[in-house]
Amino acid sequence: MIYITFIFLVLAIMTFLIKPKTHKKHLYFTVAFISITSFGIYTFLGSPTLPDWPYHQSEEEKELNNLIQKLEEHLKANPQDHKSWRIMGDAYKNINYIPQAMTAYDICLSTYKEDADFLVNYAECLIQSQNGEVTQDALNKIETALTINPNHPLGLYFKASYLDQIGKTEESLKIQEKLKQLLLIH
């Protein structure tokens, strides 16, 4: 906003320099108008360097945090409840607490090693923890999930991403086409 105001001021001054017969009161009026307008807009919109409104949790996030608290209490008494660990991992993943989600998934991995959705969710956490890079561990989980369910959309997406990542663009495009056809059917 400051840059736009500066450009308008420079243009106004250049106009008055090019046409020296123009009254100075027009120059003063233009400069004052641009300054007041930009100050008003800047005040209304705020400064990009000032902190924004305080963080506000969504209702879904509040519910997930409450669920996580209840699960933590439950798991203190029942640490072998793998179903609760999986729910906890999913809840953490949904609010983007990736390290906590991976810890929960690690605990229940042996129970859900034949569940395609679980394996893809776990792989997604691994990928997010590596800033979008599909690691070998994530790929192993994806391939196992695709063995269980060859049409798992997210599994196919991550497999195509991996192939693209290693430079196998043609194979990636084939999987993307398959994924496109699956998504058009549903």
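All figures in this text were calculated on a predicted structure; none of them were measured in a lab.

## Examining the packing of helix 4 (residues 82–94) against helix 6 (residues 116–129)
When two helices pack together, their arrangement is given by the angle between the helix axes and by the axis-to-axis distance. Where helix 4 meets helix 6, the axes come as close as 11 Å, and the angle between the chain directions of the two elements is 45°. Overall, the two elements helix 4 and helix 6 adopt an arrangement that is oblique. Every pair of crossing elements has a handedness; the one defined by helix 4 and helix 6 is left-handed. Here Arg 86, Asp 90 and Lys 93 of helix 4 come into contact with helix 6, specifically with Asp 117, Phe 118, Asn 121, Glu 124 and Cys 125. Here the contact of helix 4 with helix 6 is built from residues that sort into two nonpolar, one polar and five charged.

## Some remarks on the side chain of Lys 141
Note on placement: Lys 141 falls in helix 7 (residues 136–148). Its relative accessible area of 11% is what places Lys 141 among the buried residues. Ignoring sequence-local partners within four residues, the contact set of Lys 141 consists of Leu 119, Tyr 122, Ala 123 and Leu 126.

## Concerning helix 7
Compared with an ideal rise of 1.5 Å per residue, which puts 13 residues at 18 Å, helix 7 spans 18 Å between its outermost C-alpha atoms and is within 8% of the ideal. Every buried residue of helix 7 is listed here: Ala 138, Leu 139, Lys 141, Ile 142, Ala 145 and Leu 146. Considered in projection along helix 7, the buried side chains sweep an arc of 160° and stay on one side of the axis. Where helix 7 is buried, its residues contact helix 6 and helix 8 (153–165).

## Observations regarding the nonpolar core
Core analysis: the largest hydrophobic core is formed by 39 residues, its most contacted members being Met 88, Phe 118, Val 134 and Ile 142. For this core, the elements supplying multiple residues, two or more each, are helix 3 (59–77), helix 4, helix 5 (98–108), helix 6, helix 7, helix 8 and helix 9 (169–185). Top contributing element to this core by residue count: helix 6, with nine residues. Apart from residues lying up to four places away in sequence, Ile 142 is in contact with Ala 123, Ile 127, Val 134, Gly 155, Phe 158 and Lys 159.

## Quick word on helix 6
Taking 1.5 Å of rise per residue, 14 residues should cover 20 Å, and helix 6 covers 20 Å from first to last C-alpha, within 8% of that figure. Of all 14 residues in helix 6, eleven are buried; the element is thus mostly enclosed. For helix 6, the set of buried residues is Ala 116, Phe 118, Leu 119, Val 120, Asn 121, Tyr 122, Ala 123, Glu 124, Cys 125, Leu 126 and Ile 127. On its buried face, helix 6 sits against helix 4, helix 5, helix 7 and helix 8. Structurally, the start of helix 6 carries an N-cap: the backbone nitrogen of Asp 117 is 3.0 Å from a side-chain oxygen of Asp 115. Asn 131 sits one or two residues past helix 6 and shows a positive phi near 55°.

## A look at the packing of aromatic side chains
Throughout the structure, instances matching the rule amount to six aromatic pairs. When the centroid spacing of 5.6 Å and the interplanar angle of 45° are considered together, the rings of Tyr 105 and Tyr 122 count as tilted. With Tyr 105 in helix 5 and Tyr 122 in helix 6, the pair connects residues that are 17 residues apart, well separated along the chain. There is no split in this pair, since Tyr 105 and Tyr 122 are both buried. Ring centres of Tyr 112 and Phe 118 lie 5.5 Å apart, and the angle between their planes is 40°; this geometry places the pair in the tilted category. The class of Tyr 112 is buried, set by a relative accessible area of 15%. Taken together, Tyr 105, Tyr 112, Phe 118 and Tyr 122 form an aromatic cluster joined through their ring pairs. If you follow Arg 86 out to its NZ or CZ, it ends over the ring of Tyr 112, 4.8 Å from the centre. For Lys 141, the ring lying beneath its charged end belongs to Tyr 122, and the centroid distance is 4.8 Å.

Calculation notes
- Residues numbered from 1 in each chain as written.
- Predicted model: local features only at pLDDT ≥ 70, side-chain atom pairs only at ≥ 80, totals over all residues.
- Heavy atoms only, no water.
- Axes fitted to C-alpha atoms, helices over the stretch in contact; angles between N-to-C directions.
- Helix = DSSP H or I, 4+ residues; strand = E, 2+ residues; numbered from the N terminus.
- Parallel < 35°, antiparallel > 145°, perpendicular 65-115°, else oblique.
- Left-handed = near helix turned anticlockwise from the far one by under 90°.
- Contact = heavy atoms within 4.5 Å.
- Nonpolar A, V, L, I, M, F, W, Y, C, P; charged D, E, K, R; others polar.
- Buried < 20%, exposed > 50% of the residue type's maximum accessible area, 1.4 Å probe, protein only.
- Expected span 1.5 Å × (residues − 1).
- Arc of directions from axis to C-beta.
- Core = buried A, V, L, I, M, F, W, Y, C linked by side-chain atoms within 4.5 Å.
- Polar contact = N/O pair within 3.5 Å; in protein donor to acceptor, adjacent residues only side chain to side chain.
- Phe/Tyr/Trp six-rings, centres within 6.5 Å; stacked < 30°, edge-to-face > 60°.
- Lys NZ or Arg CZ within 6 Å of the ring centre and 35° of its normal.

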